[in-house]
There are 2 protein chains.
Amino acid sequence: MSQTLLSPEDLEAALRNVGAERYHNKHRFHARQYSGKCSFEEIQAWALNRYYYQSMIPIKDAIVLTRFTDAEDRRQWRKRIEDHDGLKPGDGGIERWLKLTDSLGFPRDYVESTAGILPATRFAVDAYVTLVRDRSPLEAVASSLTELFSPNIIGERMSGMLANYDYVSKDTLAYFSYRPTQAKRDADWALDYVKSHATTVEQQQAVINALKFKCNVLWAQLDALWSAYVDHYLPPDAWVPGTIAAPRSKAA
Amino acid sequence: MSQTLLSPEDLEAALRNVGAERYHNKHRFHARQYSGKCSFEEIQAWALNRYYYQSMIPIKDAIVLTRFTDAEDRRQWRKRIEDHDGLKPGDGGIERWLKLTDSLGFPRDYVESTAGILPATRFAVDAYVTLVRDRSPLEAVASSLTELFSPNIIGERMSGMLANYDYVSKDTLAYFSYRPTQAKRDADWALDYVKSHATTVEQQQAVINALKFKCNVLWAQLDALWSAYVDHYLPPDAWVPGTIAAPRSKAA
């Protein structure tokens, strides 16, 4: 990569290029999902596994809070925790994700136990949490920048899933209708932060690498889903299609 | 799982049962490898990725050293670091692994950079390192107990690879000829430690779960190899067969 200092605009372009090449909207599982080729069981496995990612996001963000020495940075970042955990019981992104797993027939206590997720899901998500704990605050912020690319994937995913799966409704996908606005606010702030704080070649390289790492975290989760539920090579203890979840009930 | 306290012998049986069900000798990649069905590129990818695991073992073991308050425990555990790092340059398990990657055509600086490994390899191995840092010393010791099962897989792997791949020799597999004796000494010590220190139901459950976790760490690495190099769905930045490594040179 570049060994010269980039302007803030060129740094932004480099970061956007990471997304263009590596964001998980380019993964074969995503194409299968939004084009209607996933089986019901594959959608179930996706939602069950991704619950673990959702559930760890506010914990990840709380760790980031511990890394900021500036109260204004913490105030801004705190909004992310509020979005995911909500302002009261029954509110927030995790709750909305559970409404999705509800609709797919999983009992909440099973989903929340994370007992049936793929080990590779756990390893990838935990690697993200470890990054924000062990690397610089700047890299922690940069790793969140996949949100720059999420509006596209969410649009494709929502329209594709609504068109192709009759058990999916706007209601069960409520999580995704909230996210674009939240993600844009957060990504704009994080991008400004990174552009103003990455002022050396080394820091710029570090933020680009942190974003690549985060893209790998998302990519590896879809690789593991494919291996287990499309290629049908289930690792020990992973959720077995046909078990645990109640029989499919078609939603309106 | 059991909610009653197990005798040390029953705990050992429960631990051995974890291996019987989940050790990676039961993975389809292992069967493919020892039966001679792997392509040269698949063997290269296996050795390249597994280098990362090998390289992190003494770091993992150094973290375990920091968790022991008893000098005798540390003296015993220190042998593991000596085995992997050697007593002088050119010696030790990591060096012997590099002789294997040498023989497969990889430049050492490329292997040591770990630039071409699969993200899922990194996530899985780092999860093992995190476990020994964040969980109890007892769980850290228990997670090493996959060595109880390694003599079998090593025997199968060595005889199978020597019989089936003409570029593999006893010399290039020297790593494996050293391991069974070391692994037996280490596993005997660790098993005694676990049997004498896991004296509550909760501790016994924790050690069984730590060993399952470690089996998942090994299993997930083979899942990722299969996805990338048998199913040919390469994640971004992973080593591309035919690049980096020098043309195959047949060893005696």
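So, here's what we can say about the structure. (Residues numbered from 1 in each chain as written. Chains lettered and ligands numbered in written order. Predicted model: local features only at pLDDT ≥ 70, side-chain atom pairs only at ≥ 80, totals over all residues. Heavy atoms only, no water.)

### Here's the deal with the overall build of chain A
Helix and strand counts for chain A stand at 11 helices and zero strands. Counting from the amino terminus, chain A carries its helices and strands in the arrangement α-α-α-α-α-α-α-α-α-α-α. A compact globule built from 252 residues would reach a C-alpha radius of gyration of about 18 Å, and chain A, at 18 Å, matches this within 12%. Dimensions of chain A along its principal axes, counting C-alpha atoms only, are 55 × 40 × 35 Å. Expressed as a percentage of the 252 residues in chain A, the buried residues total 59%. Of all intrachain contacts in chain A linking residues separated by at least 6 positions in sequence, the fraction that spans at least 24 positions is 79%. Accessible area of chain A: about 10,300 Å², with a carbon and sulfur share of 53%. Charged side chains of chain A number 31 positive and 32 negative; the gap between the two group centres comes to 2 Å. (Helix = DSSP H or I, 4+ residues; strand = E, 2+ residues; numbered from the N terminus. Rg over C-alpha atoms; globule rule 2.2 N^0.38 Å. Buried < 20%, exposed > 50% of the residue type's maximum accessible area, 1.4 Å probe, protein only. Contact = heavy atoms within 4.5 Å. Areas by Shrake-Rupley, 256 points an atom, 1.4 Å probe, with all protein chains shown as cover. Lys, Arg positive; Asp, Glu negative; His and termini not counted. Charge placed at Lys NZ, Arg CZ, Asp CG, Glu CD.)

### So, the relation of the copies chain B and chain A
Put simply, the two copies of the chain differ by a rotation about an axis and a shift along that axis. Once chain B is rotated about the relating axis by 180° and shifted along it by 0.0 Å, it coincides with chain A to within an RMSD of 0.0 Å. Given the turn and translation reported, the copies of this chain are related as if by a two-fold rotation axis. Residue Phe123 of chain B of chain B places its C-alpha closer to the rotation axis than any other residue of that unit, at 2.6 Å. Both copies contact each other with a shared surface, as 100% of the interface residues of chain B are interface residues in chain A too. (Least-squares fit on C-alpha atoms with pLDDT ≥ 70 in both.)

### Quick look at the packing of aromatic side chains
Applying the stated criterion across every chain yields a total of 38 aromatic pairs over all chains. Judged by centre distance (5.4 Å) and plane angle (70°), the rings of Phe123 of chain A and Phe213 of chain B are edge-to-face. Here Phe213 of chain B lies in helix 11 (residues 201-230) and Phe123 of chain A lies in helix 7 (residues 119-134), a pairing that spans two chains. On the basis of relative accessibility, which here comes to 3%, the residue Phe123 of chain A falls in the buried class. The buried category is assigned to Phe213 of chain B, whose relative accessible area is 16%. Summarising the aromatic geometry, the rings of Trp219 of chain A and Tyr233 of chain B are spaced 6.2 Å apart at their centres and angled 5° between planes, so their arrangement reads as stacked. You can see Trp219 of chain A sitting in helix 11 (residues 201-230) and its partner Tyr233 of chain B sitting in the segment after helix 11, one on each of two chains. Grouping aromatic residues by their ring pairs yields a cluster made of Trp46, Trp97, Tyr175 and Phe176 of chain A. Here Arg122 of chain A stacks its cationic end above the ring of Tyr52 of chain A, 5.0 Å away from the centre of that ring. Above the plane of the ring of Trp226 of chain B lies Arg32 of chain B, whose end atom (NZ or CZ) is 5.5 Å from the centre. (Phe/Tyr/Trp six-rings, centres within 6.5 Å; stacked < 30°, edge-to-face > 60°. Lys NZ or Arg CZ within 6 Å of the ring centre and 35° of its normal.)

### A closer look at the nonpolar core
Within soluble globular proteins, side chains that are nonpolar tend to cluster in buried spots. Core analysis: the biggest nonpolar cluster contains 169 residues, and Trp46 of chain A together with Trp46 of chain B have the highest contact counts within it. Setting aside its immediate chain neighbours within four residues, Trp46 of chain A contacts Phe29, Gln33, Trp97, Leu100, Arg157, Met161, Phe176, Leu222 and Leu225 of chain A. (Core = buried A, V, L, I, M, F, W, Y, C linked by side-chain atoms within 4.5 Å.)

### Things to note about the interface of chain B and chain A
Residue-level contacts link 26 residues of chain B with 26 residues of chain A. The junction of chain B with chain A conceals about 2,200 Å² of combined surface from both sides, 57% of it contributed by carbon and sulfur atoms. Inspection of the chain B/chain A interface yields six salt bridges. Between Arg22 of chain A and Asp237 of chain B there is a salt bridge whose closest N-O contact spans 2.8 Å. Where chain B meets chain A, there are eight residue pairs in polar contact (both at pLDDT 80 or more). Contributions of two or more residues to the side of chain B that touches chain A are made by helix 7 (119-134) and helix 11 of chain B. Ranked by the residues each element gives to the side of chain B that touches chain A, the list is headed by helix 11 of chain B, at nine residues. In the side of chain B that touches chain A, the residues fall into 12 nonpolar, four polar and 10 charged. (Buried area = accessible area lost by both parts, 1.4 Å probe. Salt bridge = Lys/Arg side-chain N within 4 Å of Asp/Glu carboxyl O. Polar contact = N/O pair within 3.5 Å; in protein donor to acceptor, adjacent residues only side chain to side chain. Nonpolar A, V, L, I, M, F, W, Y, C, P; charged D, E, K, R; others polar.)

### A look at helix 1 (residues 8-22) of chain B
Residue and element names in this part refer to chain B. Over its 15 residues, helix 1 runs 21 Å from end to end, which matches the ideal 21 Å to within 8%, given 1.5 Å per residue. All of the buried residues along helix 1 are Leu11, Glu12, Ala14, Leu15, Val18, Gly19 and Arg22. Take helix 1 and look down its axis: the buried residues cluster within an arc of 160°, on one side only. Close packing links the buried residues of helix 1 with helix 10 (174-197) and helix 11. (Expected span 1.5 Å × (residues − 1). Arc of directions from axis to C-beta.)

### Notes on the environment of Val132 of chain B
Residue and element names in this part refer to chain B. Along the chain, Val132 turns up in helix 7. Placed 40 residues apart in sequence, Val132 and Gly92 show a C-alpha to C-alpha distance of 22 Å. In this view, Val132 contacts Lys60, Ile63, Val64, Arg67, Ala140 and Ser143; residues no more than four positions away in its chain are not counted.

### Notes on the packing of helix 1 (residues 8-22) of chain A against helix 10 (residues 174-197) of chain A
Residues and elements named next belong to chain A. The interhelical angle for the contact between helix 1 and helix 10, taken along N-to-C directions, is 125°, at an axis separation of 9 Å. Considering the angle they form, helix 1 stands oblique to helix 10. Note that helix 1 runs across helix 10; the crossing there is right-handed. Contacts from Pro8, Glu9, Leu11, Glu12, Leu15 and Arg16 in helix 1 reach Leu191, Val194 and Lys195 in helix 10. For the contact of helix 1 with helix 10, a count of residues per class yields five nonpolar, no polar and four charged. (Axes fitted to C-alpha atoms, helices over the stretch in contact; angles between N-to-C directions. Parallel < 35°, antiparallel > 145°, perpendicular 65-115°, else oblique. Left-handed = near helix turned anticlockwise from the far one by under 90°.)

### Re the side chain of Lys214 of chain B
All names here are of chain B. Within the secondary structure, Lys214 is located in helix 11. In this structure, Lys214 is buried with no salt-bridge partner, the nearest side chain bearing the opposite charge being Glu147 at 6.8 Å. Not counting chain neighbours up to four residues away, the residues in contact with Lys214 comprise Tyr53, Tyr128, Ser143, Ser144 and Thr146.

### Examining helix 11 of chain A
All names here are of chain A. An ideal rise of 1.5 Å per residue puts 44 Å on 30 residues; helix 11 measures up with 42 Å between its terminal C-alpha atoms. Burial analysis of helix 11 places 26 of its 30 residues in the buried class, the great majority of the element. One or two positions beyond helix 11, positive phi appears at His232, with a value near 60°.

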